[in-house]
Amino acid sequence: MPINQLLKNLNEKQRETVILHCCAELTFKQIAKVMKCPETTAKSRYQKAISILKEKAGEQQ
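Just so it is clear, the structure is predicted and the values come from calculations on it, not from any experiment.

Cut-offs used in this document
- Residues numbered from 1 in each chain as written.
- Predicted model: local features only at pLDDT ≥ 70, side-chain atom pairs only at ≥ 80, totals over all residues.
- Heavy atoms only, no water.
- Axes fitted to C-alpha atoms, helices over the stretch in contact; angles between N-to-C directions.
- Helix = DSSP H or I, 4+ residues; strand = E, 2+ residues; numbered from the N terminus.
- Parallel < 35°, antiparallel > 145°, perpendicular 65-115°, else oblique.
- Contact = heavy atoms within 4.5 Å.
- Nonpolar A, V, L, I, M, F, W, Y, C, P; charged D, E, K, R; others polar.
- Buried < 20%, exposed > 50% of the residue type's maximum accessible area, 1.4 Å probe, protein only.
- Arc of directions from axis to C-beta.
- Polar contact = N/O pair within 3.5 Å; in protein donor to acceptor, adjacent residues only side chain to side chain.

Enquirer: Explanation requested: the packing of helix α2 (residues 12-22) against helix α4 (residues 39-59) in the structure shown.
Expert: The relative placement of two packed helices comes down to the angle between their axes together with the axis-to-axis distance. As a packed pair, α2 and α4 sit with axes 9 Å apart at the nearest point and diverge in direction by 95 degrees. Comparing their axes, α4 and α2 come out roughly perpendicular. Residues Lys13, Gln14, Thr17, Val18, His21 and Cys22 of α2 form the contact with α4, whose own contacting residues are Ala42, Arg45, Tyr46, Lys48, Ala49, Ile52 and Leu53. Class assignment for the residues of the contact of α2 with α4 results in seven nonpolar, three polar and three charged.

Enquirer: Whenever I open this one, the environment of glutamate 16 confuses me. Can you help?
Expert: Counting through the fold element by element, glutamate 16 comes out in helix α2. In this structure, the C-alpha to C-alpha distance between glutamate 16 and tyrosine 46, residues 30 residues apart in sequence, is 9.2 Å.

Enquirer: Explain α2 to me, please; I cannot follow it from the model alone.
Expert: Each α-helix turn comprises 3.6 residues. Residues three or four places apart therefore point the same way. Listing the buried residues of α2 in full gives Gln14, Thr17, Val18 and Leu20. Here the buried residues of α2 occupy an arc of 165 degrees about the axis, which is enough to place them on one side. Two to three positions downstream of the cap, the backbone nitrogen of lysine 13 sits 3.1 Å from a side-chain oxygen, assigning the N-cap of α2 to asparagine 11.

Listed below in structure tokens is the structure:
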């Protein structure tokens, strides 16, 4: 399944966090600054998003 299809399973903030971390290669500290949220929030959004992506990718196999 294409990654853009999988990303549709995430909310906007989760999707933005994943893209900033994986594609733009920003650190969580940098992501937090860009998204105006605490660094811990950026990390938890990313972890939640990755678990959703893994679950959805597994369903497609």
